[in-house]
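Listed below are the residues making up each chain.
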Amino acid sequence: PSTATKIQSALVIGGCGSLGHRTVEQLLKLEPTPQVAVFDIQTKINRIQDVNYYDVDITNKDQIYSALERSRPEVIFHTASPPAALSDLPLYMRVNVDGTRNLIECAKVGAFVYTSSASVVHDSVSDMTDGDDSLPLLYLPDQTEIYSHSKAVADQLVLNANSTTPAGMLTSCIRPSMIFGEGDYVTGELVKRAAEGKYKWQIGDGKNECDWTFNENVIHAQFLAAEALLDARVHPPASDDMKVAGQGFLITNDEHISF
Ligand code: NAD
């Protein structure tokens, strides 16, 4: 945002990861500069001066409580998750679902913004073109897409936690597609494997489309959501169209990429 930010202090959960670290960097560029803290299980990498790093596993409520007591943020950006391509349902449920529930139960903040995923509205079978924010969240009963399933459950937990009472927390979910941009872990690996001649198979006719989201757009969306939630605490929005609290937003680029 070009105007002065309302975010005075922020906590980035998973702030040593690819998106979380970029979020921390961009927070530090806001004016006036907010206080920034990070919770992560790997705080040795992607460290920035003037940021307070806490070794916190979000599956551990005691660790969350104690670090929150010390950091006292006003806004939480929750970007933590295990990587997407694992076949470990218990891990996804423990971190994405139980960990997110722990954060919701422990946090007493004005605004809570969760980095969900565009895959929470996808069933892994049907084609989906030009989907929008009106699509319902999807739970996969057979849990074929275990990562997406855990993200959908967590997304719903966050939206259900939205509370307009004076002591309550306003919440919102940002749902990006595959994230690319400076510092991402995906595109470099794709190019490297292609250069090594490792891509020898094609599924379908090569015209399958999927969305990617530029990381700066994800961060911008997170900040807009946080600003809107903080604003809504003082001036509740006049119409439902303006409501950010309790809502999820798909963030994609305009262009589809075929491969
Ligand atoms: P990443 O793996 O780079 O970062 C995730 C961070 O979370 C890591 O630093 C990791 O240490 C931390 N973490 C994992 N388990 C934790 C725990 N139990 N307690 C505390 N911290 C923990 O992931 P990313 O690519 O930066 O993704 C950020 C968020 O965006 C995730 O929630 C992911 O689900 C979501 N997302 C990512 C993509 C993508 O293409 N990368 C697409 C859509 C949504």
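Scroll up to find the structure this text is about.
Cut-off values and rules
Residues numbered from 1 in each chain as written. Predicted model: local features only at pLDDT ≥ 70, side-chain atom pairs only at ≥ 80, totals over all residues. Helix = DSSP H or I, 4+ residues; strand = E, 2+ residues; numbered from the N terminus. Buried ≥ 20, exposed ≤ 12 C-beta atoms within 10 Å, placed from the backbone. Contact = placed C-beta atoms within 7 Å. Near = placed C-beta within 6 Å. Nonpolar A, V, L, I, M, F, W, Y, C, P; charged D, E, K, R; others polar. Axes fitted to C-alpha atoms, helices over the stretch in contact; angles between N-to-C directions. Parallel < 35°, antiparallel > 145°, perpendicular 65-115°, else oblique. Left-handed = near helix turned anticlockwise from the far one by under 90°. Pairing = 2+ DSSP bridges. Expected span 1.5 Å × (residues − 1).

## Overview of the environment of Ala67
And step 1. As for its placement among the helices and strands, Ala67 is situated in helix H2 (residues 61–71).
And step 2. Among the residues examined, Ala67 registers 19 C-beta atoms within 10 Å and is labelled partly exposed.
And step 3. Ala67 sits 29 residues away from Val38 along the chain, and the two C-alpha atoms are 9.7 Å apart.
And step 4. Non-local contacts of Ala67, meaning those with residues more than four positions away in its chain, are made with Phe39, Tyr54 and Val56.

## Examining the site of the ligand
And step 1. Lining the immediate surroundings of the ligand are 28 residues, of which Gly14, Gly17, Ser18, Leu19 and Ser81 lie closest.
And step 2. Elements with a contribution of two residues or more to the shell around the ligand: helix H1 (18–27), strand S2 (35–40), helix H3 (89–106) and strand S7 (178–180).
And step 3. Counting residues per element, the shell around the ligand draws most heavily on H1, at three residues.
And step 4. Considered class by class, the residues forming the shell around the ligand number 14 nonpolar, eleven polar and three charged.

## Observations concerning the packing of H2 against H3
And step 1. It is the contact of H2 with H3, at a shortest axis distance of 10 Å, that shows an interaxial angle of 40°. With respect to H3, the element H2 is oriented oblique. Pair H2 / H3 crosses with right-handed handedness. Contacts between H2 and H3 involve Lys61, Ile64, Tyr65 and Leu68 from the former and Asn102, Leu103 and Cys106 from the latter.
And step 2. Among the residues making up the contact of H2 with H3, the classes are represented as five nonpolar, one polar and one charged.

## Quick look at the sheet that holds strand S1 (residues 9–13)
And step 1. Here we have seven strands laid out as an open sheet, ordered S3-S2-S1-S4-S5-S6-S10, and parallel in their pairing. Sheet topology places strand S3 (52–55) and strand S10 (247–251) at the edges, where each strand pairs with a single neighbour. Across the sheet, the axes of successive neighbouring strands diverge by a mean angle of 20°, strand direction being ignored.
And step 2. Pairing between S1 and S2: five bridges, direction parallel. Note on S2: the bridge partner recorded for Val12 is Val38.
And step 3. Running over the sheet, helix H4 (residues 146–160) touches strand S5 (111–115), strand S6 (170–176) and S10 and is turned about 150° from S6.

## Quick word on H4
And step 1. Here H4 is 15 residues long and its end C-alpha atoms lie 21 Å apart, about the 21 Å a rise of 1.5 Å per residue gives.
And step 2. Every buried residue of H4 is listed here: Ile146, Tyr147, Ser148, His149, Ser150, Lys151, Ala152, Ala154, Asp155 and Val158.
And step 3. On the buried face of H4, the contacting elements are H3, S5, S6 and S10.

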